[in-house]
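Here's the letter readout for the chains.
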There are 2 protein chains.
Amino acid sequence: MTSMDRPFSRVLDRLKDAGLRPTRQRLALAKLLAEAGDCHMTAEQLHAQSQGAGIRVSLATVYNTLHQFTEAGILREIVVDAGRSYFDTNVSDHHHFFFEDSSQLQDIDGASVTISSLPQAPEGTSVKRVDVVIRVKQD
Amino acid sequence: MTSMDRPFSRVLDRLKDAGLRPTRQRLALAKLLAEAGDCHMTAEQLHAQSQGAGIRVSLATVYNTLHQFTEAGILREIVVDAGRSYFDTNVSDHHHFFFEDSSQLQDIDGASVTISSLPQAPEGTSVKRVDVVIRVKQD
DNA sequence: ATAGTTGCAAAAGTTTTGCATTGTA
DNA sequence: TACAATGCAAAACTTTTGCAACTAT
């Protein structure tokens, strides 16, 4: 996989498809996310990185942008920890280890988890996603 | 199952085992949770119910108590929604549907979900719990 | 008495919203 | 110019913490 294949290299197209203007802030945040590679980032972390890179953007805008990217399918939001959202740059089929001691996430390839039986979605609803979180602790 | 078998009927023993004193607030909150039966309650909801029942207790104490009960194994904390924790009175082996439209949880019996392959826990860690959340949306 | 516990006001976080500003056609 | 979209300050939430008050020996 070359860097050209990474989701964020197509970010301009993605933003266009989602009806989002390619503003300075969005492009800068998308670039940071692309450079970070596969990762699980909080809004706070991305905001800090932005400041470090000399990009002036408010935390509110970071949140709004992360949610817009999530809507557009460029990111996936993961909630495993009370009062903190993670945004995952890996949007392919996969699951997560959650290290409760350090509050860190680690990807598990989708092929490593086999769910051989699941109940049907309740009448009138359809499954949007199945999340498997393996919570682990230091011995 | 009679009401005497429900976890909260043993709350006095449970509190004792956990080294928690049976204070007025704890007993009142435990009683409300027991009466509610199997449910997924937020701290805010439990606090509202307490007020409704004429129990004077602060929201902070509700949070502290819910966490203490969770530590004691009387409750399980479920995090599926950004910025909101649910406390589940059902601590048996089970999973959840999450209705994204209404932010409601519904139990799935453990036997209804079969995971036939899972990766090993990373070196030096052990699995504390495997959470499966089926996210559904209204058609 | 006193050592340990508890409950809550106040503080600390996180996330969302309202609206002036900006950008586009 | 008009119209919609954007970015951020301020507001709204949720959750945690520090410490005065309380409890059980």
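For the structure itself, consult the block above.
Residues numbered from 1 in each chain as written. Chains lettered and ligands numbered in written order. Predicted model: local features only at pLDDT ≥ 70, side-chain atom pairs only at ≥ 80, totals over all residues. Heavy atoms only, no water.

**Q** Outline the overall build of chain A, supporting the account with residue identities and numerical values.
**A** For chain A, the helix and strand inventory stands at four helices and seven strands. Going from the N terminus to the C terminus, chain A shows its helices and strands as α-α-β-α-α-β-β-β-β-β-β. Across its three principal axes, chain A shows a C-alpha extent of roughly 45 × 40 × 30 Å. With 139 residues in all, chain A has 42% of them scored as buried. Excluding contacts between residues fewer than 6 apart, the proportion of contacts in chain A whose partners are at least 24 apart in sequence is 43%. Accessible surface, chain A as shown: approximately 7600 Å² in total, 46% of it carbon and sulfur. (Helix = DSSP H or I, 4+ residues; strand = E, 2+ residues; numbered from the N terminus. Buried < 20%, exposed > 50% of the residue type's maximum accessible area, 1.4 Å probe, protein only. Contact = heavy atoms within 4.5 Å. Areas by Shrake-Rupley, 256 points an atom, 1.4 Å probe, with all protein chains shown as cover.)

**Q** Before we move on, can you summarise unusual backbone geometry with the specific residues and values?
**A** Residue S103 of chain A is not a glycine yet carries a positive backbone phi of 55°. Relative to the helices and strands, S103 of chain A resides in the loop between β4 (94-99) and β5 (104-109).

**Q** How would you explain the protein's contact with DNA strand C if you had to name every residue and give the values?
**A** Taken together, 20 residues surround DNA strand C, and among them Y63 and H67 of chain A together with T23, R26 and T61 of chain B come closest. Counting only the atoms of DNA strand C that lie within 4 Å of the protein, the sugar and phosphate share comes to 74%. Between a phosphate oxygen of DNA strand C and a side-chain N or O atom of H67 of chain A, the distance comes to 3.4 Å. Those elements that provide at least two residues to the surface near DNA strand C are α4 (59-71) and β3 (84-88) of chain A together with α2 (24-36) and α4 (59-71) of chain B. For the surface near DNA strand C, the leading source of residues is α4 of chain A, giving five residues. Classifying every residue of the surface near DNA strand C by side-chain character gives six nonpolar, nine polar and five charged. (Near = heavy atom within 4 Å. Polar contact = N/O pair within 3.5 Å; in protein donor to acceptor, adjacent residues only side chain to side chain. Nonpolar A, V, L, I, M, F, W, Y, C, P; charged D, E, K, R; others polar.)

**Q** Describe the relation of the copies chain B and chain A, listing the residues and the values that go with them.
**A** In summary, the two copies of the chain are related to each other by a rotation about an axis coupled with a shift along it. With an axial shift of 0.0 Å and an RMSD of 0.1 Å, the rotation relating chain B to chain A amounts to 180°. Both copies are brought into coincidence by an operation consistent with a two-fold rotation axis. The share of interface residues of chain B whose copies in chain A are also at the interface is 100%, consistent with both copies meeting through the same surface. (Least-squares fit on C-alpha atoms with pLDDT ≥ 70 in both.)

**Q** Let's hear about the protein's contact with DNA strand D: which residues, and what values?
**A** Lining the immediate environment of DNA strand D, one finds 21 residues, of which T23, R26 and T61 of chain A together with Y63 and H67 of chain B sit closest. Taking all atoms of DNA strand D within 4 Å of the protein, the share assigned to sugar and phosphate is 76%. In this structure, a phosphate oxygen belonging to DNA strand D sits 3.0 Å away from a main-chain N or O atom of S58 of chain A. In this structure, a sugar or linking oxygen belonging to DNA strand D sits 3.3 Å away from a main-chain N or O atom of G83 of chain B. When residues in the surface near DNA strand D are grouped by element, the largest group, five residues, is from α4 of chain B.

**Q** Any chance you could break down the environment of L66 of chain B for me, citing the residues and the numbers?
**A** Tracing the backbone shows L66 of chain B in helix α4. Sequence-distant contacts of L66 of chain B, defined by excluding residues within four places in its chain, comprise L33, A43, L46, L75 and F87 of chain B.

**Q** Quick one: what's the story with the sheet that holds strand β5 (residues 104-109) of chain B, residue by residue and with numbers?
**A** Across the sheet, which stays open at both edges, the six strands sit in the order β5(A)-β4(A)-β7(A)-β7(B)-β4(B)-β5(B) with mixed pairing between neighbours. This sheet does not close on itself; its edge strands, each paired only once, are β5 of chain A together with β5 of chain B. Pairwise comparison of adjacent strand axes, ignoring direction, gives a mean angle of 30° for this sheet. Where strand β4 (residues 94-99) of chain B meets strand β7 (residues 125-138) of chain B, four bridges bridge the pair, whose relative direction is parallel. Opposite F98 of chain B, over in β7 of chain B, you have R135 of chain B as the bridge partner. (Pairing = 2+ DSSP bridges. Axes fitted to C-alpha atoms, helices over the stretch in contact; angles between N-to-C directions.)

**Q** I'd like a rundown of the pattern of salt bridges, residues and numbers included.
**A** A side chain with one charge may pair with a side chain of the opposite charge, provided their charged atoms come close. One pass over the structure, following the stated rule, counts twelve salt bridges over all chains. Measuring nitrogen to oxygen at the nearest pair gives 3.2 Å for the salt bridge that ties R135 of chain A to E100 of chain A. Note that R135 of chain A is positioned in strand β7 (residues 125-138) and E100 of chain A in the loop between β4 and β5, a separation of 35 residues in sequence. Taking relative accessible area as the criterion, R135 of chain A reaches 8% and is therefore assigned buried. Residue K31 of chain B is joined to E35 of chain B by a salt bridge in which the shortest nitrogen-to-oxygen separation is 3.1 Å. In this pair, K31 of chain B and E35 of chain B are both assigned in helix α2, four residues apart and thus about one turn of the helix distant. Residues participating in the shared-partner salt-bridge network are E100 and R135 of chain A together with K128, R129 and D131 of chain B. (Salt bridge = Lys/Arg side-chain N within 4 Å of Asp/Glu carboxyl O.)

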